[in-house]
Amino acid sequence: MGKKAVAGLLAASFLMASTFPLQKSVVATVSPFSYNVLRFGIASLISFFLFGAGNYRGGVLLGMVLSGGYIFQLWGLKYTTATKGGFIVSLYVVMVPIFSYLLERERLRLQHIVGFFMAILGSYLLFSDDSLMLEMGDLLMLGCAACFALHIVLITALSRKIEERSLMFYQFLTVALVNAFMNVSGRWHFSTSSVAVAVYCGSFATVLLIYIQLKYQKVVGSNATALIFVTQPVFSAVLSFLILGERLRFSQWMGGTIMLLASLVSTVRKRVGLFRKR
């Protein structure tokens, strides 16, 4: 497994995590749909000028799935904490193998199985910060997790057939148009802070993040990518503490540590005898 690919996907995980506390700070003042139009409109413009229009079918397919993920995410953040939201979305890690097998027939390796069980345990400890009862915001976040899991697998599958640059513009444009349609009769007011967050998320946490995924997921595969991305809720927790002042209990930090170890397990097959091919 290439070190560069792993490092790139870890950077993508951090960018993904940074959106939770930042967007949590602005969703109360703007419509989630109008915010998504602004964020992905910015991403569309950047990707068009950098990479051109690209592949229509692949981009639209990715865009439709990504639209569902971000709509669920921003709706959910209105009814749950940024920390808990980040943790629930991390449950996509148990959904990726299902989509990966159905779409690509990618089988689990031993270190992936160990990593997934560790990730489930870590998610359980992290998820218990408030209550194990699922509320409205939590259910929306689970919908987000399912969309993100499918998006990861589709990125791996399509980027092996289509150049990564060709899957950017139409993907982001689709997300912007879907959200514009959802917000036809809604508010279009933007605060200064929401515009600033949208600029950051549109450029770094969208264009750069998706480009990294398209470039490196095909190297490591969907299952390994999912396990690398379990670092996202840990990054999210740290950033939520620094930005929003949200705090975690000791058991939750233990869960975060277990999830980091799960990510490590998925990337050391060649170095650990237990996972070495014989």
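Throughout this description, residue numbers start from 1 for each chain and increase along the sequence as written. Only residues with pLDDT of at least 70 are given local features in this predicted model, and only at 80 or more are side-chain atom pairs given and counted; all residues enter the totals for whole chains, interfaces and linings. Hydrogens are left out, water is left out, and the side-chain values use all remaining heavy atoms of the structure.

Chemist: What's the story with the overall build of the protein in this structure? I'm lost.
Modeler: Where helices and strands are cited, they refer to DSSP runs of H or I of at least four residues and of E of at least two residues respectively, numbered from the N terminus. The helix and strand tally for the protein stands at 12 helices and zero strands. In the protein, the succession of α and β elements from N to C terminus is α-α-α-α-α-α-α-α-α-α-α-α. Counting only residues that meet the buried cut, the protein has 56% of its 278 residues in that class. Residues count as neighbours in contact if any of their non-hydrogen atoms are within 4.5 Å of one another. Across the protein, every contact between residues at least 6 apart in sequence was considered, and the portion connecting residues at least 24 apart equals 93%. Of the roughly 12200 Å² of accessible surface on the protein, 69% is carried by carbon and sulfur atoms. Type-normalised accessible area, obtained with a 1.4 Å probe on protein chains alone, sets the label of each residue: buried when under 20%, exposed when over 50%, and partly exposed for intermediate values. Note on areas: these come from Shrake-Rupley sampling with a 1.4 Å probe, and a residue is covered only by the protein chains present in the view.

Chemist: It is not clear to me how helix 8 (residues 169-182) should be interpreted in this structure. Could you clarify?
Modeler: Its 14 residues place the ends of helix 8 20 Å apart at the C-alpha level, agreeing with the 20 Å of an ideal helix rising 1.5 Å per residue. Turning to helix 8, its buried residues are Phe169, Gln171, Phe172, Thr174, Val175, Ala176 and Asn179. On its buried face, helix 8 sits against helix 2 (32-51), helix 3 (56-77), helix 7 (136-159) and helix 9 (192-220). For a helix, the expected span equals 1.5 Å multiplied by the number of residues minus one.

Chemist: Help me understand the nonpolar core in this model?
Modeler: Soluble globular proteins: nonpolar side chains tend toward being buried together. Counting residues in hydrophobic clusters, the biggest one holds 64 residues, and the most contacted among them are Tyr35, Tyr92 and Phe229. Excluding residues within four positions of it along the chain, Tyr35 makes contact with Gln23, Val26, Val30, Leu74, Phe190, Ser194, Val197, Ala198 and Cys201. Here, the term nonpolar core denotes a set of buried Ala, Val, Leu, Ile, Met, Phe, Trp, Tyr and Cys residues that are joined through side-chain atoms within 4.5 Å.

Chemist: Would you mind showing me how to read the packing of helix 5 (residues 96-104) against helix 7 here?
Modeler: How two helices pack is summed up by the angle between their axes together with the distance between the axes. Across the interface, helix 5 lies against helix 7 with an axial gap of 9 Å and an inter-helix angle of 40°. Between helix 5 and helix 7, the crossing angle belongs to the class labelled oblique. The two elements helix 5 and helix 7 meet at a crossing, and its hand is right-handed. Note on element contacts: helix 7 touches helix 5 through Ala146, Ala149, Leu150, Ile152, Val153, Leu154, Thr156 and Ala157, opposite Val96, Phe99, Ser100, Leu103 and Glu104. A breakdown of the residues in the contact of helix 5 with helix 7 according to their chemical character gives 10 nonpolar, two polar and one charged. Helix axes are fitted only over the stretch in contact, all axes being lines through C-alpha atoms; the angle between N-to-C directions runs from 0 to 180 degrees. Between 65 and 115 degrees an angle is taken as roughly perpendicular, under 35 as roughly parallel, over 145 as roughly antiparallel, and anywhere else as oblique. Left-handed describes a crossing whose near helix is turned anticlockwise from the far helix by less than a right angle; the clockwise case is right-handed. Any residue outside Ala, Val, Leu, Ile, Met, Phe, Trp, Tyr, Cys, Pro, Asp, Glu, Lys and Arg is labelled polar, Gly included; the first ten of those are nonpolar and the last four are charged.

Chemist: Help me understand the pattern of salt bridges in this model?
Modeler: When the charged atoms of two side chains with opposite charge come close together, those side chains can pair. By definition here, a salt bridge exists when the distance from a side-chain nitrogen of Lys or Arg to a carboxyl oxygen of Asp or Glu is within 4 Å. The final tally for this structure, using the stated rule, is two salt bridges. In this structure, Arg160 and Glu104 form a salt bridge, with 3.1 Å as the shortest nitrogen-oxygen distance. Remark: Glu104 occurs in helix 5 and Arg160 occurs in the loop between helix 7 and helix 8; sequence separation between them is 56 residues. Residue Arg160 is classed as partly exposed on the basis of its relative accessible area of 45%.

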